[in-house]
Amino acid sequence: MIRTPPPGDDGRRPFFEQLARTAGVREVGAACVLRPVAGVGGWAGRMDALGKAEQRLLLPPRPAPADPSAPADQTEAVPVLSPADSALLRALAQDGRADLGRLAAATGCSESTVRRRIGQLRDSGVLAFEVEIDPALFGYPIEALLWLDVPPGGLRAVAEALAGHQQVAFAALTTGPSSVFVMVECRSVSGLHAYVTDELAALHGITRIESAVTQRRTKRAGPLPAPLAEKRTGAPSGRAPAQ
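Parameters at a glance
Residues numbered from 1 in each chain as written. Predicted model: local features only at pLDDT ≥ 70, side-chain atom pairs only at ≥ 80, totals over all residues. Heavy atoms only, no water. Buried < 20%, exposed > 50% of the residue type's maximum accessible area, 1.4 Å probe, protein only. Helix = DSSP H or I, 4+ residues; strand = E, 2+ residues; numbered from the N terminus. Arc of directions from axis to C-beta. Contact = heavy atoms within 4.5 Å. Pairing = 2+ DSSP bridges. Core = buried A, V, L, I, M, F, W, Y, C linked by side-chain atoms within 4.5 Å. pLDDT = per-residue confidence, 0-100. Axes fitted to C-alpha atoms, helices over the stretch in contact; angles between N-to-C directions.

Draft legend 1. Spotlight on helix H6 (residues 155-162). Taken residue by residue, H6 has Val-158, Ala-159 and Leu-162 as its buried positions. Considered in projection along H6, the buried side chains sweep an arc of 100° and stay on one side of the axis. When the buried face of H6 is taken as reference, the exposed residues oriented beyond 90 degrees from it are Arg-156 and Glu-160. Residues of H6 that are buried make contact with strand S1 (33-38), strand S2 (142-149), strand S3 (168-174), strand S4 (180-186) and helix H7 (189-200).

This is how it looks when you write it as structure tokens:
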């Protein structure tokens, strides 16, 4: 699963060209994510250990209601990023838990300025933090990738059902031979079998399922692999990236 900008004039080769020339790669197949339908805010199963009241405490505050007296054409100003902001975002992308001292050194600003600017960028939506967790630590050591064949007329119902499945860490409508891609986390192989034969089998519209069990994760969310980030920044692995 990749995020890549379109080819530019910066001299870098497009990602797929790099991938095809990587030693050991014999064939490349790709599908475009048309629309995520589940797991956009993270895998719901990571909240299992918390009660509903505890889960509500972790939710972001609701936005204030719109001011009815404000002009109808009033729009929120888009923040202008300074060179210091760009340096701050780069530093946080490498280590989302970097302390204020390191961020101040990276930006050339004082710690109080960095603290204030982080708050401003988060309030404006430019900066958001995403915590990546290992489901195995929560008792879900089996991860599987599923490709579902669903006719166009059944996509809406299948997507809505997947969004409510506790096992689904991520699901999306895609191009390619299969129209739905699903990543699931299960407590055991028998649990994966039960999910496929019970919950997925109960959904009308799925005509074929292809599955693969993940043997080992070599890279999770974030712009840099953990060993490479550690080498470049001197930070210990396991840090949470900023998006």
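Back to the write-up after that little detour.
Draft legend 2. A look at the pairing of S3. Most of S3 is tucked away, with 7 of its 7 residues classed as buried. Of the pairings in the sheet, the one linking S1 to S3 comprises 4 bridges and is antiparallel in character. Each bridged residue has a counterpart across the sheet, and for Ala-38 the counterpart in S3 is Ala-171. Two strands pair when backbone bridges link them, and S3 and S4 are joined in this way by 5 bridges, in the antiparallel orientation. Residue Phe-170 lies in a different strand from S4, and its bridge partner there is Met-183. Remark: 5 residues form the turn of the hairpin made by S3 and S4, two consecutive strands paired antiparallel; Gly-176 in that turn has positive phi of roughly 100°.

Draft legend 3. The arrangement of the nonpolar core in detail. Leu-148, Leu-162, Val-168, Val-182, Val-184 and Leu-200 are the most contacted members of the largest nonpolar core, which totals 22 residues. Among the secondary structure elements, those contributing two or more residues to this core are S1, S2, H6, S3, S4 and H7. Dropping the residues within four chain positions of it, Leu-162 is found in contact with Ala-38, Leu-148, Val-168, Ala-171, Val-180, Val-182, Tyr-195 and Leu-200.

Draft legend 4. Inspection of the confidence of the model for the protein at higher detail. Taken over all residues, the pLDDT of the protein has a mean of 82, while the share at 70 or more is 79%. Counting interchain partners and residues more than four positions distant, the pLDDT-below-50 stretch residues 225-243 has 40 contacts.

Draft legend 5. Local environment of the sheet that holds S4. Across the sheet, 5 strands lie side by side as S1-S3-S4-S2-S5; this open sheet has antiparallel pairing. Either end of the sheet is taken by a strand with one partner, and the two such strands are S1 and strand S5 (208-213). Each strand axis lies, on average, 20° off the axis of its neighbour in the sheet, ignoring direction. Here S2 pairs with S5 via 6 bridges, running antiparallel. Note that in S5 the partner of Leu-146 across the bridge is Ser-211.

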